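So the chains spell out like this:
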Amino acid sequence: MRLSKFFLPILKEAPREAEIVSHRLMLRAGMIRQQSAGIYSWLPLGHRVLRKIEQIVREEQDRAGAVEILMPTIQSADLWRESGRYDAYGAEMLRIQDRHEREMLYGPTNEEMVTDIFRAYVRSYKDLPLNLYHMQWKFRDERRPRFGVMRGREFLMKDAYSFDTDKEAARHAYNRMFVAYLRTYARMGLKAIPMRADTGPIGGDMSHEFIILASTGESQVFCHKDVLDLEVPGEDTDFSQDLTPIVDTWTRAYAATDEMHDEAAFAEIPEDKQVTARGIEVGHIFYFGTKYSEPMGAKVVLADGNEIPVHMGSYGIGVSRLAGGIIEACHDDAGIIWPDAVAPFQVGLINLKSGDAVTDAACADIYEKLTRAVVEVLYDDMDGRAGAKFATMDLIGLPWQFVVGPRGLASGEVELKRRATGERESLTIEAALNRLAA
RNA sequence: CGGGGUAUGGCGCAGUCUGGUAGCGCACCUGCUUUGGGAGCAGGGGGUCGCAGGUUCGAAUCCUGCUGCCCCGACCA
């Protein structure tokens, strides 16, 4: 992409209302525009990041055996009356009426709807296990939206729903999502720690929040230092096998959020292994049994002919929140530092002297070669000064800067800068291309 | 929802107390000079001051009401 053809509205100064670093940087880098309290447009740069995050989530959901669908944002109130949540949900639910004065709502979540789909088609235990997921915009009318996309009213969430014949089978479904989540966050360059979460009236041990550590996080978290160094399950993980050993490894050591914190248990950890930090919740998984299947009549027939309500779990990832969360975890004074996997472009090609025939030709050639090698390049072909170009590239945080100017070209060299470390290296065009296209 | 704050070109701000018809920096446009870490000079365009009433010869400025947005607390992907 040539910058001259892109839409990248950079701001030198962040709007006053933005307080936390990810919100400021997203506004300054032209990723989002606020339209109302807690409601944002995603501009090209932000949109590309959102798509990258989505794609990683999708690949890992698919790998774990979940099946993608897409449910609507608008739901009927009747469905929610069946589960009893229409009255229970309160002011956070945005309620609307259509032209026939039918009561509708903008979905804050989709348990009822997915249960409706399930009960319409699935009759037999032979169709289980089943896990359906989608990535769709949700709306929760928060009393106080804040922190940009980290706590918006409208947000993009991946929500998966598992269906099984009994609790033990549901545990396997739960474990598959648990492991999928570990992989998902790791691929985004994040260290997400599963922490015991409140299961409410359901009880048991099947609820975890996934927390990334960041100084600006909303919640206080506590964990054993060893959890930070655990190895994330690899690409070759067999999701058809029992994943309990992996889950056990990750849940053995202490890790809890403020609400679940056990001061006594934490004190037993050797002092040099105690970690107290701030965290951002980027995922939440839990088992809720027959809470919805029972009242909504989602049943399957077992091998013995008995009909039972299906056991369910739900598994959420805050996709749009992650865009902000990643920035909270990855930035410096100059701007964003994208992990490679979610970067809107891999390379920022900087033409230090637009209009100079030699430099223009060299850049055009490099741009074409990288593009042909399927490297995503944002080529700054604009008529600007070097300093401004460097500052912009640092701000938008692409992993690599490919710097081309007449001075270097005279001796056959260009410069590669790694945004994360600030390391620069002078090398030939050939060598630089090989480095990036590898 | 309780408490506090704020609203003036795209962004950041001054002007409001002491009414006289809007200004600065950045950004934008034109020209010249510059050109390897947010250039300089000159010229130029863009707002009628959140909205609605009121007071006054005259309101960004005073009064009344409303709305948006932000921050601090109780809830959540």
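Draft legend 1. Expanded view of the overall build of chain A. Across its full length, chain A carries 14 helices and 23 strands. For chain A, the C-alpha radius of gyration of 24 Å lies close to 22 Å, the compact-globule estimate for 438 residues. Seen through its C-alpha atoms, chain A measures out along the principal axes to roughly 80 × 60 × 40 Å. Within the span of chain A, comprising 438 residues, buried residues form 50% of the whole. The long-range fraction of contacts in chain A, counting pairs at least 24 apart against all pairs at least 6 apart in sequence, stands at 70%. A total accessible area of about 19,900 Å² is found for chain A, and carbon and sulfur atoms account for 48% of it.

Draft legend 2. Structural view of the environment of His261. With respect to the secondary-structure elements, His261 resides in the loop between strand E12 (255-257) and helix H8 (263-267). When residues no more than four places from it in sequence are discounted, the contact partners of His261 are Phe222, Tyr254, Ala256 and Phe266.

Draft legend 3. How the structure looks around the protein's contact with RNA strand B. In the vicinity of RNA strand B there are 44 residues, among which Arg144, Glu281, Arg385, Asp394 and Gly408 approach most closely. What you see for RNA strand B is that sugar and phosphate hold 48% of its atoms within 4 Å of the protein. Taking Arg151, its side chain carries an N or O atom lying 3.1 Å from a base nitrogen of RNA strand B. Those elements that provide at least two residues to the surface near RNA strand B are strand E1 (32-36), strand E8 (154-164), strand E13 (274-289), strand E16 (311-318), helix H12 (386-396), helix H13 (406-410) and strand E22 (414-418). The element best represented in the surface near RNA strand B is H12, accounting for seven residues.

Draft legend 4. Inspection of the domain arrangement of chain A at higher detail. Parsing chain A into structural domains produces domain 1 (3-336) and domain 2 (345-437). Contacts between the two partners involve 15 residues from domain 1, matched on the other side by 14 residues from domain 2. Together, the buried faces of domain 1 and domain 2 total about 1,300 Å²; carbon and sulfur atoms form 61% of this surface. Among the residues domain 1 hides against domain 2, the three largest losses belong to Leu3, Arg48 and Ile336. Together they make up 40% of the total. At the boundary of domain 1 and domain 2, one finds three salt bridges. Taking the shortest distance from any N to any O, the salt bridge between Lys52 and Glu376 comes out at 2.7 Å. Scanning the region where domain 1 abuts domain 2 turns up eight residue pairs in polar contact (both at pLDDT 80 or more). The leading source of residues in the side of domain 1 that touches domain 2 is helix H2 (residues 44-63), at three residues.

Draft legend 5. A look at the sheet that holds strand E5 (residues 94-97). If you trace the three strands from one edge of the open sheet to the other, you get E4-E6-E5, paired in antiparallel fashion. Strands at the two margins of the open sheet, each flanked by one partner only, are strand E4 (74-76) and E5. Averaged over all pairs of adjacent strands, the angle between their axes in this sheet comes to 40°, without regard to strand direction. As paired elements, E4 and strand E6 (residues 103-106) share three bridges and run antiparallel to each other. Considered in E6, the bridge of Gln75 is made with Leu105.

Draft legend 6. The pattern of salt bridges, seen in detail. A complete count under the given rule lists 34 salt bridges for this structure. Arg58 is paired through a salt bridge with Glu68; the nearest N and O atoms lie 2.8 Å apart. Of this pair, Arg58 sits in helix H2 while Glu68 is found in strand E3 (residues 67-68), placing the two residues 10 residues apart along the sequence. Several salt bridges share partner residues, and in doing so they unite Glu59, Glu60, Arg63, Arg183 and Arg187 into one network.

Draft legend 7. Geometry of unusual backbone geometry. Omega for the peptide link from Leu128 to Pro129 comes to 0°, which places this bond in the cis form. Topologically, Pro129 is positioned in the loop between helix H5 (111-121) and strand E7 (130-139). In this structure, Phe147 is a non-glycine residue whose phi angle is positive, near 60°. In this structure Phe147 comes out as partly exposed when scored by relative accessible area, which is 25%. Positive phi is not limited to glycine here, since Val374 has a value of about 60°.

Draft legend 8. Layout of the sheet that holds strand E20 (residues 377-380). The strand order E20-E19-E21-E22-E23 describes an open sheet built from five strands, whose pairing is mixed. Where the open sheet ends on each side, the last strands, each with one partner, are E20 and strand E23 (424-427). Each strand axis lies, on average, 20° off the axis of its neighbour in the sheet, ignoring direction. For strand E19 (residues 347-351) and strand E21 (residues 400-404), the ladder comprises five bridges, and the chain directions are parallel. When the sheet's bridge partners are listed, Asn351 is paired in E21 with Val404. Against the sheet, H12 touches E19, E20, E21 and E22, its axis set at about 175° to E19.

Draft legend 9. Representation of the nonpolar core. Met31, Ile53, Tyr185, Met188, Phe210 and Trp338 are the most contacted members of the largest nonpolar core, which has 82 residues in total. Looking at which domains feed residues into this core, each of domain 1 (3-336) and domain 2 (345-437) supplies at least three. Leaving out residues up to four positions away in the same chain, Met31 has contacts with Met26, Ser41, Trp42, Leu43, Leu45, Gly46, Val49, Ile327, Ile336 and Trp338. Judged by nonpolar contacts, the second largest core, of 23 residues, contains Leu79, Met93, Val122 and Ala298.

The rules behind each value
Residues numbered from 1 in each chain as written. Chains lettered and ligands numbered in written order. Predicted model: local features only at pLDDT ≥ 70, side-chain atom pairs only at ≥ 80, totals over all residues. Heavy atoms only, no water. Helix = DSSP H or I, 4+ residues; strand = E, 2+ residues; numbered from the N terminus. Rg over C-alpha atoms; globule rule 2.2 N^0.38 Å. Buried < 20%, exposed > 50% of the residue type's maximum accessible area, 1.4 Å probe, protein only. Contact = heavy atoms within 4.5 Å. Areas by Shrake-Rupley, 256 points an atom, 1.4 Å probe, with all protein chains shown as cover. Near = heavy atom within 4 Å. Polar contact = N/O pair within 3.5 Å; in protein donor to acceptor, adjacent residues only side chain to side chain. Domains from an automatic or database assignment. Buried area = accessible area lost by both parts, 1.4 Å probe. Salt bridge = Lys/Arg side-chain N within 4 Å of Asp/Glu carboxyl O. Pairing = 2+ DSSP bridges. Axes fitted to C-alpha atoms, helices over the stretch in contact; angles between N-to-C directions. Core = buried A, V, L, I, M, F, W, Y, C linked by side-chain atoms within 4.5 Å.

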